[in-house]
Amino acid sequence: MPSAGPATRSTAAPEAAPVSAAVARARLRSASPGVTANLWEWNWVSVAQECRTVLGPAGYGGVQVAPPQDSVKRTALGNGSDTVLHPWWEVYQPVRYQLTSRMGNEQQFQDMVRACRRAGVKVYVDAVINHTTGQGNTSYGGASYTPYNYPAIPYRPNDFHFNAGECPSSDGGIQDFNNKLQVFKCNLVGLEDLRTEQNSVRIKLARYLNKLIGYGVSGFRVDAAKHIGQKDLDGIYAKLNRTVDGHKPYWALEVLGDGPGVLAPQAFERNGKLLGANGAKQIKNAFKSYTQERIGSIATLEVFGRDSGLTRSSRTSSFVQNHDSERNPNDHLNYKDGATNILATEWLLASGYGDPQVYASFTWEIPEQSPPANAEGLITNTDCASSQWACVNRDPGVVAMVGWYNYVGKAQRRNFYTDDANVIAFSRGQRGWAAFNNGTEAKQINVQTGMAGGRYCDAIHGSKVGNRCTGPVVRVNAAGRATVSVGAKDAVAFDRLDRL
Ligand code: ARE
């Protein structure tokens, strides 16, 4: 008997049952981040609250937060089109390693880490260690500094490539992103480039990161890692302590673009995990192409990963977007893509590629817009009910796929089906099955699911309560086949735990 017709998505936030201490402990023991929520530029109070009420209960293994160190605080607008006093990017300009940022102070940061860990959610920090600031003389925490001189750390002029005469470009900046010396030793968009080959600089950076590790942080997204280079990254990493859970810290390197040779993301696979920015581009090209209608075809996603030219799955932190790429909508999906963005996020969680991240942040009209903040630039509490925030991490379908991800584990993809247009489906071993329809019409498919015969509750639109399902039920016959309706821009998914 065919399943019920395509169901409508619910928009309610997930029910929150707090995580028990035993479950939290078991999750923290794992060296893998599981599914991470990238709550970019949420303040620490809001991250803590989200860990307790949403991330922990939903089974997210980690949360990634924005750069927590003290940063430049702009005091005046620049010239021309500069209309935002406190653009989001202030936090990428370190001036001191005290945690006095737009997101909160050092005590609030520590409280956040504690609250998240208590909910079984590990904390990953965006580490800006390639450079200091490139402008200003005022910081959120009240540090004083001048160009190439940061007394609080301290960094002195000779701690920078530019002053040491090591940057070969005419203006001290990176003019050619394919030139090794420029990429490693010149200033990225005017940001003062640290001499990371120097032991005294490495010691100061490691001291900062080890402080975070001491607070319970489990690893890092390394900002501008390409500009630090393989050797210096290893030199810094070697100085890092183990995490409080006893693991070497997670180390995800931001190596963008398709630079030649040593500058390619693949050339850093031995030095850490790589941010899957090129993968995010392929995801966008599949889900939303360049045609007039901007409707993509996801049939291509049968191949995704090393075989489509990306870094290896085991070396990748994968995502549909991050804070940079969401501002580049020609190449990447973002929250403005609505159902397509949710569907792509659900697919990523099912795909088995990389350590998947779900991105959730504030909404914006112009790319440099500040996050919701007070007049001083301090970020105000996240309010998912307001149109100022896009809490993709709470979407019920996304939450369902976090549970699905946790259950299927590393099971191999099997039973791949595609109509060669815009519907794909596959199982992960015999543990779970999912279908994705990126088209604008509902579609009924008859497929081999690879699952044991029985009735399954579709986790995207319902949940199993006792032996009943609050949403549509999929009937899998004794041979593993099922007839399933998949709604337009929608998914159907179940794992063995969803069997009625
Ligand atoms: C801001 C102003 C600048 C000003 C500067 C210093 O915009 O005009 O000169 O401050 O005063 C973010 C923003 C920047 C901002 C910066 C500091 O994006 O606009 O500058 O914060 O506040 C390359 C790097 C890659 C880097 C991108 C931006 O390889 O690492 O450029 N991305 C990271 C972050 C950014 C962040 C920084 C680094 C700096 O994710 O959010 O900048 O901390 C090709 C190349 C890539 C290149 C890419 C650029 O693909 O191969 O290497 O990325 O183009 O699009």
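Residues numbered from 1 in each chain as written. Predicted model: local features only at pLDDT ≥ 70, side-chain atom pairs only at ≥ 80, totals over all residues. Heavy atoms only, no water.

Engineer: When you look at the site of the ligand in this model, what are you seeing that I'm missing?
Structural biologist: Taken together, 21 residues surround the ligand, and among them Val-189, Lys-226, His-227, Glu-254 and Asp-324 come closest. At a separation of 2.8 Å, an oxygen atom of the ligand approaches a polar side-chain atom of Gln-93. One of the backbone N or O atoms of Val-189 is found 2.7 Å from an oxygen atom in the ligand. Protein chains bury 72% of the 950 Å² of accessible surface belonging to the ligand in isolation. Classifying every residue of the shell around the ligand gives nine nonpolar, seven polar and five charged. (Near = heavy atom within 4 Å. Polar contact = N/O pair within 3.5 Å; in protein donor to acceptor, adjacent residues only side chain to side chain. Areas by Shrake-Rupley, 256 points an atom, 1.4 Å probe, with all protein chains shown as cover. Nonpolar A, V, L, I, M, F, W, Y, C, P; charged D, E, K, R; others polar.)

Engineer: Explain the pairing of strand S13 (residues 423-428) here, please?
Structural biologist: Remember that side chains alternate between the two faces of the sheet whenever the strand is regular. Of all six residues in S13, six are buried; the element is thus mostly enclosed. The alternating pattern of S13 places Val-423, Ala-425 and Ser-427 and Ile-424, Phe-426 and Arg-428 on opposite faces, both of which are buried. In this antiparallel pair of consecutive strands, strand S12 (residues 413-418) and S13, the connection spans four residues, and Asp-420 shows a positive phi of 65 degrees. (Buried < 20%, exposed > 50% of the residue type's maximum accessible area, 1.4 Å probe, protein only. Helix = DSSP H or I, 4+ residues; strand = E, 2+ residues; numbered from the N terminus. Pairing = 2+ DSSP bridges.)

Engineer: Whenever I open this one, unusual backbone geometry confuses me. Can you help?
Structural biologist: Trans is the prevailing form of peptide bonds, just as negative phi is the prevailing case for residues other than glycine. Between Ile-153 and the following residue, Pro-154, the backbone shows a cis peptide bond with an omega angle of -15 degrees. Take Pro-154: it is sitting in the loop between strand S5 (122-127) and helix H4 (180-185). A positive phi is found at Ala-224, a non-glycine position, where the angle reads about 50 degrees. Examined against the element boundaries, Ala-224 turns out to sit in the loop between strand S6 (219-222) and helix H6 (230-237). With a relative accessible area of 2%, Ala-224 lands in the buried category. A positive phi angle, near 55 degrees, is found at Asn-415, a position not held by glycine. Here Asn-415 shows up in strand S12. Note on Asn-415: relative accessible area 30%, which makes it partly exposed.

Engineer: Can you walk me through the sheet that holds S13 in this structure?
Structural biologist: In a beta sheet, neighbouring strands are held together by backbone hydrogen bonds and run either parallel or antiparallel to one another. The four strands are arranged S12-S13-S14-S21 in an open sheet whose pairing can be described as antiparallel. Strand pairing shows two members of the sheet lacking a second neighbour, S12 and strand S21 (490-495), which therefore form its edges. Recorded for the sheet is a direction-independent mean angle of 10 degrees between the axes of neighbouring strands. Summarising the sheet, strand S14 (residues 432-437) and S21 pair through six bridges and their orientation is antiparallel. Across the sheet, residue Ala-434 finds its bridge partner in S21, namely Ala-493. Of the strands in this sheet, S13, S14 and S21 touch helix H8 (residues 339-351), which is tilted by about 30 degrees from S13. Against the sheet, helix H9 (residues 396-408) touches S13, S14 and S21, its axis set at about 40 degrees to S21. (Axes fitted to C-alpha atoms, helices over the stretch in contact; angles between N-to-C directions. Contact = heavy atoms within 4.5 Å.)

Engineer: Any chance you could explain the environment of Gly-276 here in plain terms?
Structural biologist: Examined against the element boundaries, Gly-276 turns out to sit in the loop between strand S8 (273-275) and helix H7 (277-287). Looking at Gly-276, the relative accessible area reads 6%, which means it is buried. For the pair Gly-276 and Gln-412, spaced 136 residues apart in sequence, the C-alpha separation works out to 21 Å.

Engineer: Just to check I follow, could you spell out the domain arrangement of the protein for this structure?
Structural biologist: By a frequent convention, interface size equals the accessible area lost on bringing the separate parts together. Structurally, the protein comprises domain 1 (6-408) and domain 2 (413-498). Here the C-alpha centroids of domain 1 and domain 2 sit 33 Å apart. Both faces considered, domain 1 and domain 2 share a buried interface measuring about 2600 Å² in area, 64% of it formed by carbon and sulfur atoms. Among the residues of domain 1 in contact with domain 2, Ile-298, Trp-404 and Tyr-407 are the three that bury the most area, contributing 26% of the side total. Applying the counting criterion to the domain 1 and domain 2 interface returns zero salt bridges. Between the two partners, domain 1 and domain 2, sit eleven residue pairs in polar contact (both at pLDDT 80 or more). At the level of secondary structure, the elements contributing two or more residues to the side of domain 1 that touches domain 2 comprise H7, H8 and H9. Across the side of domain 1 that touches domain 2, the residue classes break down as 17 nonpolar, eight polar and three charged. (Domains from an automatic or database assignment. Buried area = accessible area lost by both parts, 1.4 Å probe. Salt bridge = Lys/Arg side-chain N within 4 Å of Asp/Glu carboxyl O.)

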